[in-house]
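# Structural description and commentary
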Amino acid sequence: MSRTDIDRMRRRLKPFNKVIITLQRAGLALGTMRVLSVPGRKSGELRTTPVSPLTVDGITYVVGGFETADWVKNARAAGWGELAKGRKRERVTLVELPLEERAPILRAFPREVPHGVQFFVKTGVVESADPDAFAAAAPRCPVFRIDKKD
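Residues numbered from 1 in each chain as written. Predicted model: local features only at pLDDT ≥ 70, side-chain atom pairs only at ≥ 80, totals over all residues. Heavy atoms only, no water.

If you check an unreviewed UniProt entry, the protein chain appears there as Deazaflavin-dependent oxidoreductase (Nitroreductase family) from Nocardia mexicana.

We now examine the packing of aromatic side chains. Within this structure, the stated rule accounts for 6 aromatic pairs. Relative to phenylalanine 120, the ring of phenylalanine 109 has its centre 4.9 Å away and its plane inclined at 65°; by these criteria the two rings are edge-to-face. Separated by 11 residues along the polypeptide, phenylalanine 109 in helix H3 (residues 99–112) and phenylalanine 120 in helix H4 (residues 114–122) bring together distant segments of the chain. Judged by its relative accessible area of 4%, phenylalanine 109 is buried. When the ring of phenylalanine 119 is compared with that of phenylalanine 120, the centres are 5.4 Å apart and the planes differ by 90°; the resulting orientation is edge-to-face. Take phenylalanine 119: its relative accessible area is 27%, and that puts it in the partly exposed class. An aromatic cluster is defined as three or more aromatic residues linked by ring pairs; in this entry it consists of Phe66, Phe109, Phe119, Phe120 and Phe134. (Phe/Tyr/Trp six-rings, centres within 6.5 Å; stacked < 30°, edge-to-face > 60°. Helix = DSSP H or I, 4+ residues; strand = E, 2+ residues; numbered from the N terminus. Buried < 20%, exposed > 50% of the residue type's maximum accessible area, 1.4 Å probe, protein only.)

Those residues of helix H2 (residues 70–78) that sit buried are Trp71, Val72, Asn74 and Ala75. Mapping the buried residues of H2 onto a view down its axis gives an arc of 165°, with all of them on the same face. Where H2 is buried, its residues meet strand S1 (34–39), strand S2 (46–51), strand S4 (59–63), strand S6 (88–96) and strand S7 (143–148). Count one or two residues on from H2 and you reach glycine 79, which has phi positive near 75°. (Arc of directions from axis to C-beta. Contact = heavy atoms within 4.5 Å.)

With that settled, consider the sheet that holds S4. Taken in spatial order, the 7 strands of this open sheet run S2-S1-S5-S6-S7-S4-S3, and their pairing is antiparallel. The two strands at the open ends of the sheet, each matched to only one other strand, are S2 and strand S3 (54–56). Here the average twist between neighbouring strands, direction ignored, is 40°. As paired elements, S1 and S2 share 6 bridges and run antiparallel to each other. From the neighbouring strand, proline 39 faces S2, where its bridge partner is leucine 46. Packed on one face of the sheet, H2 meets S1, S2, S4, strand S5 (80–85), S6 and S7 and runs near 55° to S1. With respect to the sheet, H3 is in contact with S3, S4, S6 and S7, its orientation differing from that of S3 by roughly 125°. (Pairing = 2+ DSSP bridges. Axes fitted to C-alpha atoms, helices over the stretch in contact; angles between N-to-C directions.)

What follows is the structure, encoded as structure tokens:
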């Protein structure tokens, strides 16, 4: 997927993301959707995006569809964020998994977050909903472990 295609996809997602964020802030949590707020790399202001965390072997993760997404870059720089479900927020540590540890988490994604599969297929991140197709996307899909802050 070219940079232009990614930018076009982001523009189409913005209105949808704003609706999800607004509903969450109003106290309406939708399915597994959560809102992740991460400090901006330059401004330090919290930047917010909808995510769908998944749990594998008792550990919670969040998957990025685009390596170049701003929230991914911000999470790498900050190493922390706030994860919200409805009005409940908690501060979390975000630890990016190395490439060799991503495949098992990505393989679990279609089973754990079935409503998120369509996004990955439509955007060309993966070729199909097959778990092996998700595992093969490990070089393109950042995965962050979510640790609760004490």
